[in-house]
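Fold and contact review
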Amino acid sequence: MDSAANAVPRASGSDRREFVADLVLSAAGIVGLGGLATRFLQYLYPVVPPEQVIEVAAGRRDAVPANGGIVVNLGVGHVALVDAGGELRAFSAVCTHLGCIVKAEPTDHHALYCACHGGMFDRQGEVVGGPPPRPLPRYPVEVRDGQVFVKVIVRPPVLTA
Amino acid sequence: MSLSALKTAVAERIPLPPGWRGKTLEEQLPIHLKTWIWALGGTPAVLFIVQVVTGVLLTFYYVAQPMHAYESVRQITFGVRFGWLVRGLHQAASQLMIVAVLLHMIRVFVTRGYRRPREVTWVIGVALFLLTLGLAFTGYALVYDQLSYWATTVGTNMIAEVPVVGPPMLYMLRGGADVNPQTLTRFYNFHIGVIPTIFVVLIAGHILLVRLHGVAALEGDRRADAYPFFPDHVLREAAVALVVLIAMVVYVTAVPPELGEKADPNLTPSHIRPEWYFFPSYRWLKIVPLQVGLWTSVAFVIGMFFWPWTDAVLERIVPGRRVGTFVGIGFWIVTLVLLLWEAFS
């Protein structure tokens, strides 16, 4: 091993060759390990399935009380069905704040309430209280023969157990 | 083989440099350390060992699958012999670890032990504090009862609000768009694999730096006396560790761990609340808009990391008035007010 005391002075040419060799080796190491690390990150990143719009039956129309609302689990997501003066509206029931499921809580002030941080939404899905940053996404809804059908956007889970 | 022959044989196989005892075990510590409050730095380390031992024991029965997780925790708590003790100790130690780390941080903060040249020790300490919270959060998710499930949903959703990198980070963490079966596997891995591994490396770095720098002198303390690390200080740390262990066993025996209702992804419970150590941020998120809540939290963490340098700048601007200490105390008070506000609301 070299030490300051017994180091042999070298020609500058060999110094340069050694430096270039070190540089090439270091670069190869960084590129190789970096490439491998990128592959590992890709391995960890789940495959993102495309979003789909599907129509799902969401129960009977008369299950939604006048000027009230219900929250239905459709198996592919939660939907809030709200009656606004006879008009049926459907919203995603996932609170836009931090993802809890809202509850139907019809009052003069709001129609839907999130228990997690106190978010409140009116019959338009608009935020009327609490911290949610956005209105609830609205879904197209149709009533056929007394049956409610909602077109929801779903993203299938990556893996199911 | 005589004892001296054995000593020679061991010394030949493990050739420690001469004088190593004086540099390590018998290092002289400043006399101000000889009060109980200075034995708190070792407590989180002791609690971490408790967590490793009880955690390994828990893995013998825990099943990290949504269909079985809750049942396996129920089995540990109510079925397995002394399962209540192992799980109870793991739970109690996780709470105490946060208390111990906080007390240690407050002590270092007030005595300004983080100042040059010990900034990196502080930075590693802050990282260890955040990882402790990470361990608590991921561990809580594994119980898979209602509160645990929804705390995981809410906690991970915050990440999605970070611009650009947020959504992919959330995907990575959850293993999908929503909290799904993969999420539990990932959280289990973080809890028992990734975070503990980083934790051990950082603890080693933290302790190494403390020993390399030596203990910071206490401002205003002119005593030149010293006492050895071993056995005096080690004994004191051991006494604290023993008291903590006894207290935990007594507590868990008196108040065995409980289990809430099984996680139901369809129903957010009416009274949802995280564990007490997340109360300040939980209350903060309720009273400010989401983006404000998010960015002030990020700023708070960055502020903690860079505190040694910020304090040095403040000291240069207003010398001798300890402005930084007052700024810090202000933050502690705000945090405490938020915590108590949530606790009593």
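About the thresholds
Residues numbered from 1 in each chain as written. Chains lettered and ligands numbered in written order. Predicted model: local features only at pLDDT ≥ 70, side-chain atom pairs only at ≥ 80, totals over all residues. Heavy atoms only, no water. Contact = heavy atoms within 4.5 Å. Buried area = accessible area lost by both parts, 1.4 Å probe. Salt bridge = Lys/Arg side-chain N within 4 Å of Asp/Glu carboxyl O. Polar contact = N/O pair within 3.5 Å; in protein donor to acceptor, adjacent residues only side chain to side chain. Nonpolar A, V, L, I, M, F, W, Y, C, P; charged D, E, K, R; others polar. Core = buried A, V, L, I, M, F, W, Y, C linked by side-chain atoms within 4.5 Å. Buried < 20%, exposed > 50% of the residue type's maximum accessible area, 1.4 Å probe, protein only. Helix = DSSP H or I, 4+ residues; strand = E, 2+ residues; numbered from the N terminus. Disulfide = S-S within 2.5 Å. 1 Å grid on protein atoms, 1.4 Å probe; cavity = no way out; pocket = protein on both sides within 12 Å on 5 of 7 lines; lining within 4 Å. Points joined across faces, edges and corners; volume = space filled by probe spheres on them. Patch = residues over 30% accessible without salt bridge, like charges linked within 9 Å, V, L, I, M, F, W, Y side chains within 5 Å. Areas by Shrake-Rupley, 256 points an atom, 1.4 Å probe, with all protein chains shown as cover.

**Here we look at the interface of chain A and chain B**
Listed by partner, the interface residues are 25 residues for chain A and 27 residues for chain B. Roughly 2300 Å² of surface becomes buried between chain A and chain B when both sides are summed, with 62% attributable to carbon and sulfur atoms. The three residues of chain A that bury the most area against chain B are Y45, L98 and H117 of chain A, which together make up 24% of that side's buried surface. Counting the contacts that link chain A with chain B gives 0 salt bridges. The interface formed by chain A and chain B includes 4 residue pairs in polar contact (both at pLDDT 80 or more). Residue composition of the side of chain A that touches chain B, grouped by class: 15 nonpolar, 7 polar and 3 charged.

**Notes on the nonpolar core**
Membership of the largest hydrophobic core comes to 44 residues, with the highest contact counts inside it found for V102 and L112 of chain A together with Y62 and Y144 of chain B. Only β3 (78-84) of chain A together with α4 (69-79), α6 (119-143), α7 (146-160), α9 (181-213), α11 (279-287) and α12 (290-305) of chain B provide two or more residues apiece to this core. Ignoring anything within four residues of it in the chain, the contact list for L112 of chain A reads A80, V82, V102, K103, A104, E105, G119, M120, F121 and L136 of chain A. In this structure, V50, L133, L135 and V240 of chain B belong to the second largest nonpolar core, which totals 37 residues.

**Details of the state of the cysteines**
Residue and element names in this part refer to chain A. Summed over all chains, the structure comprises 1 disulfide over all chains. A disulfide bridge connects C100 with C116, and the sulfur atoms are separated by 2.0 Å. Handedness of the C100-C116 disulfide follows from its S-S torsion of about -90°: it is left-handed. Of the two residues, C100 is situated in the loop between β4 (87-92) and β5 (103-104) and C116 in the loop between β6 (112-113) and β7 (120-121); the sequence distance between them amounts to 16 residues. Given a relative accessible area of 1%, C116 falls into the buried group.

**Structural notes on empty space enclosed by the protein**
Residues and elements named next belong to chain B. Under the defined criterion, the tally for this structure stands at 1 cavity of 30 Å³ or more. By volume, the largest cavity amounts to about 70 Å³. If you go around the largest cavity, the residues you meet are A141, Y144, S148, Y149, T152, V179, N180, T183, L184 and F187. Of the residues contributing to the lining of the largest cavity, the split by class is 6 nonpolar, 4 polar and no charged.

**As for a nonpolar patch on the surface**
Residues M1, L3, L6, V10, I14, L16 and W20 of chain B make up a contiguous nonpolar surface patch of roughly 750 Å² in combined accessible area. Topologically, I14 of chain B is positioned in the loop between α1 (3-13) and α2 (20-23).

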